[in-house]
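A closer look at the structure
Chain by chain, the residues run as shown.
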Amino acid sequence: MIEKLNIAALLPELILLVMTIVIAMLDLFDKSPRRQSTYVLSLMTLSLVAVLQALDASAGTTVYSFGNMVVSDPMGNWLKCFSTLAVLVTLVYGRPYAADRDMLQTGGELFTLGLFALLGMYVMISGNNFLVLYLGVELLALSSYALVALRRDSGTASEAAMKYFVLGALGSGFLLYGMSMLYGATGSLDITLVFKAVSTGRINHQVLVLGLVFVVCGLGFKFGVVPFHMWVPDVYQGAPTVVTLMIGGAHKLAAFAMTMRLLVEGLLPLAIDWQQMLMVLSVASLLIGNLAGIAQTNLKRMIAFSTISQMGFVLIGLLSGVVNGSTAAAANAYSSAMFYVITYVLTTLAVFGIIMLLAREGFESEEIADFAGLNQRSPLYAGVMALCMFSLAGVPPMVGFAGKLSVLQALVTSGQSGGLALAVFAVMMSLLAAFYYLRVVKVMYFDSPITASTVSASVDVRLVLLINSGLLLFLGLLPGGLMTLCARAIVSTLGT
């Protein structure tokens with residue numbers, strides 16, 4: 001652990017900031033309808049910072065910078081690396097979709113706002129101070145609101161942006177109010193010092209718990225779990241699909257990192273309190289998300305409710321740590337949650353990649369019925385979508401099965417009160433969810449196609465999609481490498 005003013009530790013963030021400004025300036029002179037130069041420079045920037053983050057993560061060191069307000073550690077660096085790759089893949093999938101809808105005609109805001117949103121994720125992931133975390137939350141949120149409303153001529157997108165803005169502001173208010181109460185109780189904004197102050201046991205417990213309740217509510221909004229899920233279905237359905245993918249993908253990695261910073265690194269002595277809150281949220285998310293998902297006919301809306309239930313599994317991993325003082329159990333639980341959220345994002349990228357691939361000018365292809373007979377039109381893309389549905393349902397040997405198994409194993413072995421009952425409930429809800437996932441497979445393979453048009457894609461989209469879907473199967477068959485990476489990152493970061 002190194003404590004000094006180390007600007008080099010934030011080199012990827014500085015490069016991302018500078019290059020985003022350069023790309024915004026370059027976009028003023030890029031008059032091509034598909035924004036070719038802006039697009040290429042964005043991908044080059046993302047590739048560079050992803051490599052730098054991976055190198056920093058591999059070093060295994062923890063560096064505190066800027067008066068302890070920012071931390072660079074293996075967990076954060078790997079999450080930033082995966083967030084960067086998720087945004088990169090999102091832009092590859094999304095550029096043809098955006099160009100067909102004239103979203104790039106007046107400017108390359110999709111790229112610049114996407115990069116600013118990624119910078120907000122970086123700040124959230126690296127924040128070791130309440131104010132820094134909140135700045136990251138607001139940078140990400142404001143960029144996301146603008147992205148949702150990017151199609152200026154779409155009333156649906158504008159409505160979704162308004163709902164997202166109002167409810168997002170409410171969630172940010174909860175988070176800020178909870179942080180202010182914790183600051184008032186502990187006298188510090190530094191997460192490390194907050195942990196030490198809470199550990200003394202001399203602070204009024206009622207004040208701490210009240211602040212904790214508001215913090216958990218704010219985190220619940222960022223994850224989109226019940227009962228803070230009201231914005232998720234409407235935003236997923238109303239936003240342009242490329243923006244939906246950004247919100248449903250990389251955002252979840254940043255939300256997971258911020259939860260780890262606040263609850264585990266800062267408020268671990270209050271674990272008995274926030275674990276019970278997370279248990280309630282996870283049960284409600286698994287139940288409401290899956291029941292509502294069954295009734296959906298719009299695929300994007302179905303994936304929104306699927307996301308709610310999937311985040312319930314992430315919460316199960318988070319609440320399974322710190323039981324009976326076992327540091328090994330804690331590391332196992334948090335690493336399983338990290339593995340789950342990473343693999344979920346990987347699956348979501350492929351799902352929305354297929355949705356955007358099938359969409360064409362004037363046609364969104366977001367209804368489940370739009371996938372009828374896809375196997376007859378394109379066996380390859382039908383197979384990719386089937387792999388995604390099997391993974392989300394937790395069918396072996398897909399990576400979704402490995403993720404669910406690791407989370408449930410961590411829960412059962414943790415000795416958490418009510419853990420076995422929660423594990424059984426989660427399995428039952430997974431069986432319920434299999435209905436609406438497999439319904440998509442049934443429509444693709446057994447229904448008659450509604451159109452005879454073939455599905456085509458550019459070389460870059462096709463290559464990335466094949467790699468993306470291939471990883472779902474590869475990591476399902478051989479999950480050990482990614483699981484080990486997550487476990488080492490958690491152990492190195494938390495010192496367990």
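Quick caveat: nothing in here was measured; it's all calculated off a predicted structure.

With that settled, the discussion passes to the overall build of the protein. Helix and strand counts for the protein come out as 20 helices and 3 strands. On C-alpha atoms alone, the protein measures out to a radius of gyration of 21 Å, which is about the 23 Å that the 2.2 N^0.38 rule sets for 496 residues. Each of the 496 residues in the protein was classed as buried or not, and the buried ones make up 61%. In the protein, 81% of the contacts between residues at least 6 apart in sequence involve partners at least 24 apart. With an accessible surface of roughly 17,700 Å², the protein has 70% of that area assigned to carbon and sulfur atoms. The distance from the centre of the 24 positive side-chain charges to the centre of the 23 negative ones in the protein is 3 Å.

We now examine a nonpolar patch on the surface. A cluster of nonpolar residues, Leu463, Ile467, Leu471, Leu473, Phe474, Leu477 and Leu478, forms a patch on the protein surface that exposes about 650 Å² of accessible area. Take isoleucine 467: it is sitting in helix α19 (residues 459–477). Of the residues examined, isoleucine 467 reaches a relative accessible area of 48% and is grouped as partly exposed.

According to the stated counting rule, one finds 8 salt bridges in the structure shown. Measuring nitrogen to oxygen at the nearest pair gives 3.6 Å for the salt bridge that ties lysine 300 to glutamate 366. Here the residue lysine 300 occupies a position in helix α13 (residues 299–319), and glutamate 366 occupies one in the loop between α14 (327–358) and α15 (374–377), the gap between them amounting to 66 residues. With a closest N to O distance of 3.1 Å, lysine 442 and aspartate 447 form a salt bridge. Residue aspartate 447 is classed as partly exposed on the basis of its relative accessible area of 23%. Bridged by salt links that share partners, the residues Glu159, Lys163, Asp234 and Arg301 form one connected network.

Viewed as axis vectors pointing N to C, helix α17 (residues 399–414) and helix α18 (residues 419–446) meet at an angle of 160°, and their least axial separation amounts to 8 Å. Judged by the inter-axis angle, α17 sits roughly antiparallel to α18. The chirality of how α17 crosses α18 is left-handed. Residue-level inspection shows Lys404, Leu408, Leu411 and Val412 of α17 in contact with α18, the latter providing Gly419, Leu422, Ala423, Ala426, Val427 and Ser430. Here the contact of α17 with α18 is composed, by residue class, of 7 nonpolar, 2 polar and 1 charged.

With that settled, the discussion passes to the packing of aromatic side chains. For any pair of aromatic rings, the description consists of the separation of the ring centres together with the inter-plane angle of the planes. Enumeration according to the criterion identifies 12 aromatic pairs in this entry. Geometrically, the ring pair formed by tyrosine 145 and tyrosine 164 is edge-to-face, given 5.1 Å between the ring centres and 85° between the ring planes. A residue pair is termed long-range when its members are at least 10 positions apart, and tyrosine 145 in helix α5 (residues 130–148) and tyrosine 164 in helix α6 (residues 155–186) qualify at 19 residues. The exposure class of tyrosine 145 is buried, given its relative accessible area of 9%. Owing to a relative accessible area of 8%, tyrosine 164 belongs among the buried residues under this scheme. Both rings, one in tyrosine 164 and one in tryptophan 231, keep their centres 5.0 Å apart while their planes meet at 15°; by these two values the pair is stacked. Within this pair, whereas tyrosine 164 is found in helix α6, its partner tryptophan 231 is found in helix α9 (residues 231–238), the two being separated by 67 residues in sequence. One aromatic cluster is present, formed by Phe174, Tyr177, Phe214, Phe221 and Phe228 through successive ring pairs.

Examined against the element boundaries, isoleucine 355 turns out to sit in helix α14. Setting aside chain neighbours within four positions, we find isoleucine 355 in contact with Thr241, Leu299, Lys300, Glu364, Ser365 and Phe371.

Another point: α18. Side chains three or four residues apart in an α-helix point the same way, a direct result of the helix having 3.6 residues per turn. Counted at 1.5 Å a residue, the expected span for α18 with its 28 residues is 40 Å, and the 40 Å between its end C-alpha atoms agrees. Most pronounced at alanine 434, the bend in α18 amounts to some 25°.

Grouped together as the largest cluster of nonpolar side chains are 179 residues, with contacts concentrated most on Phe256, Leu262, Trp274, Met338, Phe371 and Met389. Ignoring anything within four residues of it in the chain, the contact list for leucine 262 reads Phe130, Leu133, Leu175, Met179, Ile191, Val215, Leu219 and Leu267.

Two elements in contact, helix α10 (residues 241–248) and helix α11 (residues 250–266), have axes whose closest approach is 3 Å; the angle formed by their N-to-C orientations is 20°. In terms of orientation, α10 lies roughly parallel with respect to α11. For the pair α10 and α11, the contacting residues are Met246, Ile247 and Gly248 in the first and Ala250, His251 and Lys252 in the second. By residue class, the composition of the contact of α10 with α11 is 3 nonpolar, 2 polar and 1 charged.

What follows is about the side chain of threonine 493. Its place among the elements puts threonine 493 in helix α20 (residues 480–494). Judged by its relative accessible area of 14%, threonine 493 falls in the buried class. Among the polar contacts listed, one links the side chain of threonine 493 to the backbone oxygen of alanine 489, at a separation of 2.8 Å. Not counting residues within four places of it along the chain, the set of residues in contact with threonine 493 comprises Asp73, Pro74, Met75, Arg261 and Glu265.

Trans is the prevailing form of peptide bonds, just as negative phi is the prevailing case for residues other than glycine. A cis geometry characterises the amide bond from valine 226 onward to proline 227, with omega recorded as 5°. Mapped onto the fold, proline 227 is located in the loop between α8 (205–223) and α9. Not every positive phi belongs to a glycine, and phenylalanine 66 is a case in point at roughly 55°. Position of phenylalanine 66 among the secondary structure elements: in the loop between β2 (63–65) and β3 (70–72). Despite not being glycine, asparagine 68 shows a phi value in the positive range, around 70°. Along the chain, asparagine 68 falls in the loop between β2 and β3.

Mapped onto the fold, serine 336 is located in helix α14. A distance of 2.6 Å separates a polar side-chain atom of serine 336 from the backbone oxygen of alanine 333. Apart from residues lying up to four places away in sequence, serine 336 is in contact with Gly317, Ser406, Val407 and Ala410.

A few words on the environment of methionine 246. Tracing the backbone shows methionine 246 in helix α10. A relative accessible area of 3% means that methionine 246 is categorised as buried. Beyond its immediate chain neighbours, meaning those up to four positions away, methionine 246 contacts Val87, Thr90, Leu91, Gly114, Leu147 and His251.

Rules used throughout
- Residues numbered from 1 in each chain as written.
- Predicted model: local features only at pLDDT ≥ 70, side-chain atom pairs only at ≥ 80, totals over all residues.
- Heavy atoms only, no water.
- Helix = DSSP H or I, 4+ residues; strand = E, 2+ residues; numbered from the N terminus.
- Rg over C-alpha atoms; globule rule 2.2 N^0.38 Å.
- Buried < 20%, exposed > 50% of the residue type's maximum accessible area, 1.4 Å probe, protein only.
- Contact = heavy atoms within 4.5 Å.
- Areas by Shrake-Rupley, 256 points an atom, 1.4 Å probe, with all protein chains shown as cover.
- Lys, Arg positive; Asp, Glu negative; His and termini not counted.
- Charge placed at Lys NZ, Arg CZ, Asp CG, Glu CD.
- Patch = residues over 30% accessible without salt bridge, like charges linked within 9 Å, V, L, I, M, F, W, Y side chains within 5 Å.
- Salt bridge = Lys/Arg side-chain N within 4 Å of Asp/Glu carboxyl O.
- Axes fitted to C-alpha atoms, helices over the stretch in contact; angles between N-to-C directions.
- Parallel < 35°, antiparallel > 145°, perpendicular 65-115°, else oblique.
- Left-handed = near helix turned anticlockwise from the far one by under 90°.
- Nonpolar A, V, L, I, M, F, W, Y, C, P; charged D, E, K, R; others polar.
- Phe/Tyr/Trp six-rings, centres within 6.5 Å; stacked < 30°, edge-to-face > 60°.
- Expected span 1.5 Å × (residues − 1).
- Bend = angle between axes of the 7 residues up to and from the residue.
- Core = buried A, V, L, I, M, F, W, Y, C linked by side-chain atoms within 4.5 Å.
- Polar contact = N/O pair within 3.5 Å; in protein donor to acceptor, adjacent residues only side chain to side chain.

By themselves, these observations are geometric and do not establish any function.
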